[in-house]
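Below, each chain spelled out in residue letters.
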Amino acid sequence: MVELPTMGPAPGDETLIQRDRLLAALLVGRDDLLLLHCDAVVAELVGRTAPLRLVLVTTAADASADEIRARLGRLVKAIPPGGPPAHFVVVGGGAAAGQAALSGASPIIQPVRMSFHQLDAAGALANVKGPALPLLAAAHARLAEVGPIGPEALAEALALAQQEREIVDRLSGSRRVTATLVIACALLLAVSYAFGSGTHDAALWRMGADNADAVRRGEIYRLFASAFLHANPVHLCVNMLALWSLGAMLEALVGPRRFLLLYGASALGGAIASTIGSVLDEGRWSVGASGAIWGLMTAGIGIALRPHGLLPPSMIARMRSRAWWPLGLNLAISLIPGVDLLAHLGGGVVGFALAVTVLPRGLTPLAQRRRPSDAEPRPRPLLTAAAALMGAAMALSVVVALAVGRPWELAAPPALTRTAVADTGVALDLPASLARAPSVEEIDGVRLHTYGRLRDTPVVFQLMVVPREGETTPEQLDADLEQGRKDLDQMPPEGGAATGPAKRITLGGRPALSVRHKLKNGVQMVSYIVALEDRDVVLKAYVAADRPASWGGIEDKVAATIGRQ
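The residue numbers shown here count from 1 along each chain, following its written sequence. Totals for whole chains, interfaces and linings use every residue, but because this is a predicted model, local features are given only for residues with pLDDT of at least 70 and side-chain atom pairs only at 80 or more, for both listing and counting. Hydrogens and water molecules were not included; the side-chain quantities draw on all heavy atoms of the structure.

1. Focus: the layout of surface pockets
Short version of the rule: Both site types are read off a 1 Å grid over the protein atoms alone. A 1.4 Å probe that fits but cannot get out defines a cavity, while an open set with protein on both sides within 12 Å along at least five of seven lines defines a pocket; lining residues have an atom within 4 Å of a point. Grid points are joined across faces, edges and corners, and a volume is the space filled by probe spheres set on the points. Numbered from the N terminus, helices here are DSSP runs of H or I no shorter than four residues, and strands are runs of E no shorter than two. Gly is placed with the polar residues, together with every amino acid not listed as nonpolar (Ala, Val, Leu, Ile, Met, Phe, Trp, Tyr, Cys and Pro) or charged (Asp, Glu, Lys and Arg).
There is about 490 Å³ of room inside the second largest pocket. Along its surface, the second largest pocket is lined by 23 residues, and G484, D487, L488, I529 and V538 are the ones closest to its centre. Looking at the lining of the second largest pocket, the elements that each hand over two or more residues are β11 (459-467), α17 (474-490), β14 (510-519), β15 (524-531) and β16 (535-543). Considering every element that reaches the lining of the second largest pocket, the biggest residue donor is α17, with seven residues. Here the lining of the second largest pocket is composed, by residue class, of 14 nonpolar, four polar and five charged.

Next up, the structure:
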């Protein structure tokens, strides 16, 4: 219902009689309109079976164009965006004044589609601007057959609207599941920021961000855990506002158990779709509840299209009229670079499919419920068990992600552990979190040992061991190091720029070289060449631009520990 502004003095009796005859023609013997409001100046009706808002505005028979425009303008401004098409009908006034007023009544930017009509003092109906309204034309044709609507019929029409409003008010029941989900997401965002500056992205990864490689390695807990994580406070606020808006209505409509199943299934569908998409981009990972929220949004559309007897007709019409605008807006947002379109579509498909098939089946129609808890007509142990399993799976996924990822390690200085580099005969001290998961690849016959990944650790180390041929005298070693220094200066990495010249240094009492480059992606690459007795060790440290302070200088500490096994 529109929040109608206070209007001026009521028009004369003849205009009111004409308006009440039009109301009788619209309402008596019909059930496709609801009368929400009626006073001497304004009557507002909405469609029960089709999206429609009809506003009848009475004005004096001799009203000027300026008077009509002023009275109508306040009503036009009161129309909220995203609702059904609005038709304004001025009852009374001369034809010329009505034409002049209504032809310029439409705002430049319409919050909804609008049309303007006039039933003038002589009884003629004119469609002045916007699409015509067939039911208005049909009612006009019946004016000669009906009298003004009587007090009893008017009271009955208003009572029917009040009854449907009371039915809709039953959707303001418990929001326990919705509130729990909002609180969980907010708490986990706080946790992801709790480990100090520069740790947020790494913390999100460790807390369960979704990624195809990780899921293929068996980290399936990420499918659920990622739906409770958010990239930043703005991301969280946008998603939680949508969850609170959609979740409160759907939780009351289908009950907390079915709502939890809908939310969890949509979150899982969105995460699986996102995982499939990240196969093409191995470095991509995603977080957010938007897949689940898309499932709630499309479930609302599905229930509006196939309500299964759950909803009163007027609510169905309103839901259908409002369904497509947010869907189109969110689809446009999903096309913005960096937004996970596949997660949105995956969650949306699951939510819609559930809503048009099994989700509403067996529920008590809204009109028959006495309490918000009456959604289910009888106990359903299997439904309770399924909802409990879904809730447990989501909660367990978050707990496992925290236990496996141990994001709290990011806040403390990394503990170094002596690590042997396979069978190379070389060892060095590495952060324990990096030493746990080495990887090896062969390049031109030389094995490259990698420790860590930048998406989940602030620093990544790569090491190669290059044997020397024969014995090396101190003079030869000095010449080799000098040539190596020049080579480092003359051959920067692709896409990198040196932050200073290569230097000859001493690491752990051994001669070495060091140079720093800044790569295009903001990562700093620190290269070391350390000369051991019969081999050279090439160590490269890739340092994230926003690494935490507790990891400061770790590359120099690690390089200084290179030695024989």
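2. Considering the sheet that holds strand β17 (residues 563-564)
Formally: Strand pairing requires that DSSP identify at least two bridges connecting the strands.
Read across the open sheet, the three strands follow the order β7-β8-β17; overall the sheet is antiparallel. Where the open sheet ends on each side, the last strands, each with one partner, are β7 (416-420) and β17. Sheet topology note: the strand β8 (residues 426-431)/β17 ladder contains two bridges and is antiparallel. Counted as the bridge partner of V426 is R564 from β17.

3. Side note on the environment of M249
The cut-off we apply is this: Contacts are assigned to residue pairs with any non-hydrogen atoms lying within 4.5 Å of each other.
Residue position: M249 is located in helix α10 (residues 233-254). Residues M249 and R175, 74 residues apart in the sequence, show an inter-C-alpha distance of 8.6 Å. Every residue in contact with M249, bar those within four places of it in the chain, is listed here: L171 and M319.

4. Let's talk about the pattern of salt bridges
Heads up, the rule is: Take a side-chain nitrogen of Lys or Arg and a carboxyl oxygen of Asp or Glu: if they are within 4 Å of each other, that pair is a salt bridge. Per-residue accessibility, obtained with a 1.4 Å probe over protein chains only, is compared with the maximum for each type, and a residue is labelled buried under 20%, exposed over 50%, and partly exposed between these values.
Per the stated rule, a full pass over the model turns up 23 salt bridges. With its nearest N and O atoms 3.2 Å apart, the salt bridge here joins E409 to R206. Highlighted residues: E409 in the loop between α15 (381-405) and β7 and R206 in helix α7 (residues 200-206), separated in sequence by 203 residues. Using a relative accessible area of 24% as the deciding quantity, one classes E409 as partly exposed. Overall, the relative accessible area of 6% leaves R206 in the buried class. For R380, the salt bridge goes to E376, with nearest N and O atoms at 2.6 Å.

5. Notes on the packing of helix α12 (residues 290-305) against helix α14 (residues 341-356)
Condition: Only C-alpha atoms enter the line fits that serve as axes; for helices the fit covers just the stretch in contact. Angles between N-to-C directions range over 0 to 180 degrees. Each helix crossing is assigned a hand: it is left-handed if the near helix lies turned anticlockwise from the far helix by less than a right angle, otherwise right-handed if that turn is clockwise.
Look at α12 against α14: their axes get within 6 Å of each other, and the N-to-C directions meet at 35°. At the point where α12 passes α14, the crossing takes the right-handed sense. Counting all contacts with α12, which are made through S290, G291, W294, G295, T298, A299, I301, G302, I303 and L305, the residues of α14 involved are A343, H344, L345, G347, G348, G351, F352, A355 and V356. The residue makeup of the contact of α12 with α14, split by class, is 10 nonpolar, nine polar and no charged.

6. Describing the side chain of R258
To keep things clear, this is the line we draw: Contacts described as polar in this section are N or O atom pairs within 3.5 Å, which, within protein, must combine one atom able to donate a hydrogen with one able to accept it, while residues neighboring in sequence count only if both atoms come from side chains.
Here R258 lies in helix α11 (residues 256-278). With a relative accessible area of 8%, R258 lands in the buried category. A polar contact of 2.6 Å, which involves the side chain of R258, links it to the backbone oxygen of L359. From its side chain, R258 meets the backbone oxygen of R361 in a polar contact 2.7 Å long. With sequence-adjacent residues up to four places away left out, R258 is seen in contact with V358, L359, P360, R361, G362, L363, E376, R380 and L383.

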